[in-house]
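For reference, the chains in residue letters:
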Amino acid sequence: MEEKKKTIEVKNLKKYFPLKNGKVVRAVDGVDLEIYEGETLGLVGESGSGKSTIAYMVVGMYKATDGSIIYRGEDLTARGMKRTKEQKGNIQIVFQDPSSALNPRRKVKKSIEFTLKLHGGIEGKELEEKAEDLLEMVGLPREFGENYPRSIGGGERQLASVARAMAADPSLLILDEPTSALDVSVQAKVIRKLIELQKERNLSYLFITHDLSLMRNIADRVAILYLGKVCELAPAADFFEKPLHPYTQMLLSSIPVATDEEEMMRPEKVISKGEIPSPVNVPPGCAFHMRCPVKMDICSKELPEMMEVSGGHYVCCHKYCQAERADTAQN
Ligand code: SF4
């Protein structure tokens, strides 16, 4: 079997923000993740879990406090290394708010041309044609670029910002809540286009959202983030059918389902308890212990280790570490 190629790998990635009072916000605290060619990794977490901070480090907007970001075997965080234009082009980001990517004072086409000039080094008529090709590639009419961002709909604006990102010819697109500001029907159209684009270009996606139901439609694997750490990582099918971490079970319990059949299929309900603590005062042991309905004595004292429970399904919880220890002792 042909080995899957990694587009990006992050190892022990950390981002700490020091505060004036001497305390530290541990926004991302030792994350390991990888994304393969043509794959979508869904990154899910509540607000404040560190998902956007990971995105900003991967794209180069934030410097990592520690750890490494490896793009196709090349360490982008190597000491003193500033990213080259090519390295910047390889990883692009699409934000929730497209105005971060499309200049409101420029016609849509001009924003795309700006990125094309920067990364592709083309000029004149060729530039204009390439910008129109990119609009067409995301499902917008070629003449659409004559509009200003404020005069077009939210879904079209988001597709235009995908076209802008594609102007740099990336292999990895970070999609940071790209559809959360859109109506459901528009959201579906944008997601369909993103899936189509991925298939055509073998793109890798890091899809960030707090909306788990969206993950069913787009992710190949899903990672759950809690207070700056990954607590579960699994292939999407396993993730929805056999969630293991109590926090994942809690999140899945809160998704509305459309049919009785889906309700029957749903894993046992775990009731949501409390709020996510502040990343300035991360609780000792398992960071989720204050909200966990099945916590044990060890949970507030020791940090659980990430372990692989079945093919590609990882969980970080003492429940499974203890089960593993009991199995080992018996054998
Ligand atoms: Fe709950 Fe303990 Fe597992 Fe944390 S380690 S999720 S507190 S059982």
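Residues numbered from 1 in each chain as written. Predicted model: local features only at pLDDT ≥ 70, side-chain atom pairs only at ≥ 80, totals over all residues. Heavy atoms only, no water.

Undergrad: Can you explain the site of the ligand? Please cite residues and give values.
TA: Near the ligand, the surroundings consist of His245, Pro246, Cys286, Phe288, His289, Cys292, Val294, Lys295, Cys299, Cys317 and His318. For the ligand, the cavity whose grid points lie within 2 Å of the majority of its atoms is the largest cavity. Residues belonging to the shell around the ligand are distributed by class as follows: seven nonpolar, three polar and one charged. (Near = heavy atom within 4 Å. 1 Å grid on protein atoms, 1.4 Å probe; cavity = no way out; pocket = protein on both sides within 12 Å on 5 of 7 lines; lining within 4 Å. Sits in = over half its atoms within 2 Å of the grid points. Nonpolar A, V, L, I, M, F, W, Y, C, P; charged D, E, K, R; others polar.)

Undergrad: Go over the pairing of strand β3 (residues 40-44), please, and point to the residues and values.
TA: Counting buried positions along β3 yields five of five residues, so the element is predominantly enclosed. A two-sided burial pattern is seen for β3, the buried positions comprising Thr40, Gly42 and Val44 on one face and Leu41 and Leu43 on the other. Where β3 and strand β8 (residues 204-209) come together, five bridges link them in parallel fashion. From the neighbouring strand, Leu41 faces β8, where its bridge partner is Leu206. Two elements, β3 and strand β9 (residues 221-226), share four bridges in a ladder whose sense is parallel. Bridging across to β9, Leu41 finds its partner in Arg221. (Buried < 20%, exposed > 50% of the residue type's maximum accessible area, 1.4 Å probe, protein only. Helix = DSSP H or I, 4+ residues; strand = E, 2+ residues; numbered from the N terminus. Pairing = 2+ DSSP bridges.)

Undergrad: I'd love a proper account of the side chain of His313, names of residues and values included.
TA: Along the chain, His313 falls in strand β12 (residues 313-316). Setting aside anything within four residues of it in sequence, one finds His313 in contact with Glu232, Leu233, Ala234, Pro235, Asp238, Lys242, Leu244, Met307 and Glu308. (Contact = heavy atoms within 4.5 Å.)

Undergrad: Please give an account of the packing of aromatic side chains that cites residues and values.
TA: Summed over the entire model, instances satisfying the criterion amount to seven aromatic pairs. Arranged with centres 5.6 Å apart and planes meeting at 80°, the rings of Phe17 and Tyr62 form a pair that is edge-to-face. Here Phe17 is found in strand β1 (residues 6-18), whereas its partner Tyr62 is found in the loop between α1 (51-59) and β4 (66-71), with 45 residues between them in sequence. Given a relative accessible area of 31%, Tyr62 falls into the partly exposed group. Judged by centre distance (5.3 Å) and plane angle (90°), the rings of Tyr56 and Tyr62 are edge-to-face. Counting every residue linked through ring pairs, the aromatic cluster contains Phe17, Tyr56, Tyr62 and Phe95. Taking the ring centre of Tyr148 as reference, the NZ or CZ of Arg150 above it sits at 5.3 Å. (Phe/Tyr/Trp six-rings, centres within 6.5 Å; stacked < 30°, edge-to-face > 60°. Lys NZ or Arg CZ within 6 Å of the ring centre and 35° of its normal.)

Undergrad: Tell me about the sheet that holds strand β11 (residues 306-310), and name the residues and values.
TA: Read from one edge to the other, the open sheet built from eight strands follows the order β6-β7-β8-β3-β9-β10-β12-β11, with strand pairing classed as mixed. Of all strands in the sheet, those with a lone pairing partner are β6 (91-94) and β11, marking the two edges. In this sheet, neighbouring strand axes are inclined to one another by 20° on average, regardless of whether the strands run parallel or antiparallel. Strand direction decides the pairing type here: strand β10 (residues 229-235) and β12, joined by two bridges, are antiparallel. Along β12, the bridge assignment pairs Leu233 with Tyr314. On the sheet, helix α9 (residues 246-253) packs against β9 and β10 and is oriented at approximately 105° with respect to β9. (Axes fitted to C-alpha atoms, helices over the stretch in contact; angles between N-to-C directions.)

Undergrad: Any chance you could break down the pairing of β6 for me, citing the residues and the numbers?
TA: Here β6 shows no split at all, with Ile91 and Ile93 on one side and Gln92 and Val94 on the other all buried. In terms of strand pairing, β6 meets strand β7 (residues 172-176) through four bridges, oriented parallel. If you follow Ile91 over to β7, its bridge partner there is Leu172.

The analysis is restricted to geometry; functional conclusions fall outside its scope.
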